[in-house]
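Survey of secondary and tertiary structure
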Amino acid sequence: MPNIKWLWGYLKKYGWMYGTGLLLLTFFSVLSLYVPQIMGRIVDEVIEGGRTELLKPLLLALIGATVFRTTLAYIHTLLQEKTSQNVIHDIRTEAYRRLNDQDFTFFDRNRTGDIMARMTGDMEL
């Protein structure tokens, strides 16, 4: 639990982006349930039922829902990626500041390669 609280300290600054992304993900999920229903109506009512007058509105609804769903997924991905990159930037900036505050004995005790590995690779995790 302390790790989540630690991460939330960085994430809350970008909470609106993260929250908006989650909201868009919810709408995306709802639309993902709507698309198969439209396709089912096309099969049931147009193909099997012979109601060809419904084909055009159902196809337009299918295309519209798919385009809207894809747009929501794209914006969600952008917001989540921007949030994560901002959080990583803030963590790296703070780590760099703390590294600069260390005295020379810290650098005598720790190898440069280990410090660099932690500053680059471990931050992504």
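Refer to the structure presented above.
Within each chain, residues carry numbers counting from 1 in the order of the written sequence. Per-residue local features are limited, in this predicted model, to residues with pLDDT of at least 70; the limit for side-chain atom pairs, both in listing and counting, is 80 or more; totals at the level of whole chains, interfaces and linings are taken over all residues. To obtain the side-chain values, all non-hydrogen atoms of the structure were used and water was disregarded.

What follows deals with the packing of helix α2 (residues 15-48) against helix α3 (residues 55-100). At a minimum axis separation of 8 Å, α2 and α3 run at an interaxial angle of 160°. The angle between the axes of α2 and α3 places the two elements in the roughly antiparallel class. The crossing of α2 and α3 is left-handed. For this classification, Asp, Glu, Lys and Arg are treated as charged, while Ala, Val, Leu, Ile, Met, Phe, Trp, Tyr, Cys and Pro are nonpolar and the rest, including Gly, are polar. The class makeup of the residues in the contact of α2 with α3 is 25 nonpolar, 8 polar and 3 charged. An axis is simply a line fitted to the C-alpha atoms; with a helix, the fit covers only the stretch in contact. Between two such axes, the angle follows the N-to-C directions and lies from 0 to 180 degrees. Each helix is a run of H or I in the DSSP string that is no shorter than four residues. Each strand is a run of E no shorter than two, and both are numbered from the N terminus. Should an angle fall under 35 degrees it is taken as roughly parallel, and over 145 as roughly antiparallel, whereas 65 to 115 is taken as roughly perpendicular and any remaining angle as oblique. In a left-handed crossing the near helix is turned counterclockwise from the far helix by less than a right angle, and in a right-handed crossing that turn is clockwise.

With that settled, consider a nonpolar patch on the surface. Only residues whose relative accessible area exceeds 30% and that form no salt bridge enter a patch; like-charged residues are grouped when within 9 Å of one another, and nonpolar side chains (Val, Leu, Ile, Met, Phe, Trp, Tyr) when within 5 Å. Here, Shrake-Rupley sampling with a 1.4 Å probe gives the accessible areas, and only protein chains in the shown set may cover a residue. Basic side-chain nitrogens of Lys or Arg form a salt bridge, by our definition, when they fall within 4 Å of a carboxyl oxygen of Asp or Glu. On the surface, L55, L59, I63 and V67 cluster together to form a nonpolar patch covering roughly 330 Å² of accessible area. Take L59: it is sitting in helix α3.

Applying the stated criterion across every chain, the model contains 6 salt bridges. A salt bridge links R98 to E94, with the shortest nitrogen-to-oxygen separation between them at 2.9 Å. Here E94 and R98 lie together in helix α3, a separation of 4 residues that amounts to about one turn. Throughout this description, buried means an accessible area under 20% of the type-specific maximum (1.4 Å probe, protein chains only), exposed means over 50%, and partly exposed covers the range between. On the accessibility criterion, R98 (53% relative accessible area) is exposed. The exposure class assigned to E94 is partly exposed, which follows from its relative accessible area of 24%. Between D114 and R111 there is a salt bridge whose closest N-O contact spans 3.2 Å. Exposure remark for R111: the relative accessible area of 59% places this residue in the exposed category. Linked through salt bridges whose partners overlap, the residues forming this network are R41, E45, R51 and E53.

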